[in-house]
Amino acid sequence: MQKLIINYASREKRYALVGEKAVVKIIIDQPEQRSLIGNIYLGIVNKVLPGMSAVFIDIGEEKNAFLPLNKLASFVASNDVNKEAKNVSAFVRQGERILVQVEKDASETKGPRVTGILEFSGTHLVYMPEGRYCAVSKKIEDAMQRERIKELGSNLKEKNEGLIFRTSAENLSEAEIKDELDSLRDQFKQISMTASGVNKAALLTQKDTFMEMILDDISKMKSGEIIADDLNLKHELEQRLKGHLRDFHIFFYNGKENIFSAHRIEHEIDKALKRVVWLENGSYLIFDEAEALTVIDVNTGKFSGKTQLRDTVFKTNLLAAEEIVRQLRLRDIGGIVLVDFIDMKEERDRLAVLGKVKEALAKDEKQTKLVGFTPLGILQLTRKKTRASLSEALTEKCSCCEGTGRMLSAESIVFRLERELWEHRFSDYEAVLIETTDEVRKLFAGAGQEHQFLLEEKLGLKLYFSIQPSCHSYYILKQFGTNSEIGQKAEEFY
């Protein structure tokens, strides 16, 4: 039985989806990092880029948004048969005001990705003022019912409008569909009116994406337990799930211990932020996340197997395949993923591991593409990225190494300092004040300060040090001057 654990009582909203064996999904919503997906803005076209077939749009956020040509409402609405060959500037101009909706959140280096094809979500359908097509959920298995709904939608919508019918629309009457469609049309009209009275880029409507994600996951669960630590949220979910309560058991948690700690979700978050993930047989995975891709290395670790090497390798790779997909969902990793499985000599073993990955990916709600093994034995796959990964949301770059994980050693800094001091030999100054760490000063001075005295003699400079605590080795030549002036300055730091 699946469980949805919701931590809603504090400013940081979180929920975790727990499967039969383990946590499969964690969503965290922080006030400062709240997702913009679904928000509708009045945007001002900032730059038109024919070379990229796209435009950059000022939406009033920190970074300009990126809008590709095929998501421009004017492009989609055009009946020109040669529109694909035309320049983006034929459909939009700099300074133009357009309504856009966020499809993908901003990253560290890129602004949000937006679309001009707005979507207004209802209970049973999605309305697009400029969609120009009608689609029905494939989860409605009855082909005749799907055709009936599609024909009904085609008759109700205007020429430029688009409709997507959800699974729940299967048994709706024409009157019920029309009522919801009219309500969504009114929402669009209201936003258009608001936009007409605004003079600059601005947010027009903000989605409660956290609540929408909760409801979306509940709809996929079909049945199970929902445990929330907020009584108002419990009542709201009971209202929203009215008619389906026999399938769900909703509980209010009021224990003193944090709900995530009580259900061991906090422990899972800590594990999901670590680079190394241990598997139950003693083998382990190493995750290295970059902006565009993630590399995962599979290692046998403590697992040596009971028979031959091939059996050890195969069992480890099969176990790793399932855990890797779970970690991709848990960490919400997107983009290109490269998996370096332990080398398999037999083609049938590779196919079995590939099948295991494919089976696990079928449960992932994000769009994925399994490319297969390269000639070097690296498995390639892609996973759609719409929001920040767990590590991006909860961590920040180290202020010392700037996220590289590597820093210059104290010894390297000493040699740099020495080389720079040689550039000042026999200058007009008598002394220099150097700010650095204690480790650098000791290495620089040498045993009994022998190296420092020797260098001072060769340079014709007296060296004074200001020692500062720091997480990384560094130096700064703070001040040159007379011996008495720099000596007095150095004493101020002791």
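For the structure, check the block above.
### A look at the overall build of the chain
Phase 1: Each helix and strand in the chain was counted, giving 14 helices and 24 strands.
Phase 2: With respect to the three principal axes, the spread of C-alpha positions in the chain is 95 × 70 × 55 Å.
Phase 3: Per-residue burial for the chain yields a buried fraction of 42% across its 494 residues.
Phase 4: Counting only contacts in the chain whose residues sit at least 6 apart along the sequence, the fraction spanning at least 24 positions is 64%.
Phase 5: Looking at the chain as shown, the accessible area adds up to about 27,700 Å², and 49% of this sits on carbon and sulfur atoms.
Phase 6: Where the 72 positive side-chain charges of the chain centre and where its 77 negative ones centre are 4 Å apart.

### Some details on the sheet that holds strand S22 (residues 431–436)
Within a beta sheet, neighbouring strands are joined by backbone hydrogen bonds and run either parallel or antiparallel to one another.
Phase 1: Taken in spatial order, the three strands line up as S23-S22-S24 in an open sheet, and their pairing is mixed. Only two strands of the sheet have a single partner each, and these edge strands are strand S23 (462–467) and strand S24 (475–481). On average, each strand axis in the sheet is tilted by 25° relative to the strand beside it, whichever way the strands run.
Phase 2: Relative to S23, S22 runs parallel, the two sharing six bridges. Across the sheet, glutamate 435 pairs through a bridge with serine 466, a residue of S23.
Phase 3: Packed onto the sheet, helix H11 (residues 410–422) meets S22, S23 and S24 and runs at close to 25° relative to S24.
Phase 4: Running over the sheet, helix H12 (residues 438–445) touches S22 and S23 and is turned about 155° from S23.

### Things to note about the packing of aromatic side chains
Phase 1: Summed over the entire model, instances satisfying the criterion amount to 10 aromatic pairs.
Phase 2: Judged by centre distance (6.0 Å) and plane angle (25°), the rings of tyrosine 8 and phenylalanine 210 are stacked. One end of the pair, tyrosine 8, is in the loop between strand S1 (3–7) and strand S2 (13–18); the other, phenylalanine 210, is in helix H4 (residues 209–221), and 202 residues separate them in sequence.
Phase 3: The ring of tyrosine 8 is capped by lysine 13, whose NZ or CZ atom sits 4.4 Å from the centre of that ring.
Phase 4: The ring centre of tyrosine 464 lies 5.9 Å from the NZ or CZ of lysine 462, which sits over that ring.

### Let's talk about the packing of H11 against H12
Phase 1: Relative orientation of the contacting elements H11 and H12 amounts to 65°, with a least axis distance of 9 Å. At the point where H11 passes H12, the crossing takes the right-handed sense. On H12, the residues touching Ala410, Glu411, Ile413, Val414, Leu417, Glu418 and Leu421 of H11 are Glu439, Val440, Leu443 and Phe444.
Phase 2: Taken together, the residues of the contact of H11 with H12 break down into eight nonpolar, no polar and three charged.

### Examining the state of the cysteines
Phase 1: One pass over the structure, following the stated rule, counts one disulfide.
Phase 2: Disulfide pairing is shown between cysteine 400 and cysteine 471; the S-S distance is 1.4 Å. Here cysteine 400 and cysteine 471 share a disulfide; its torsion about the S-S bond, -85°, makes the bridge left-handed. Note that cysteine 400 is positioned in the loop between helix H10 (390–394) and H11 and cysteine 471 in the loop between S23 and S24, a separation of 71 residues in sequence.
Phase 3: The thiol sulfur of cysteine 398 is not disulfide-bonded, and the nearest other cysteine sulfur, from cysteine 401, lies at 3.8 Å.
Phase 4: The exposure class of cysteine 398 is partly exposed, given its relative accessible area of 35%.

Reading guide: rules and limits
- Residues numbered from 1 in each chain as written.
- Predicted model: local features only at pLDDT ≥ 70, side-chain atom pairs only at ≥ 80, totals over all residues.
- Heavy atoms only, no water.
- Helix = DSSP H or I, 4+ residues; strand = E, 2+ residues; numbered from the N terminus.
- Buried < 20%, exposed > 50% of the residue type's maximum accessible area, 1.4 Å probe, protein only.
- Contact = heavy atoms within 4.5 Å.
- Areas by Shrake-Rupley, 256 points an atom, 1.4 Å probe, with all protein chains shown as cover.
- Lys, Arg positive; Asp, Glu negative; His and termini not counted.
- Charge placed at Lys NZ, Arg CZ, Asp CG, Glu CD.
- Pairing = 2+ DSSP bridges.
- Axes fitted to C-alpha atoms, helices over the stretch in contact; angles between N-to-C directions.
- Phe/Tyr/Trp six-rings, centres within 6.5 Å; stacked < 30°, edge-to-face > 60°.
- Lys NZ or Arg CZ within 6 Å of the ring centre and 35° of its normal.
- Left-handed = near helix turned anticlockwise from the far one by under 90°.
- Nonpolar A, V, L, I, M, F, W, Y, C, P; charged D, E, K, R; others polar.
- Disulfide = S-S within 2.5 Å.

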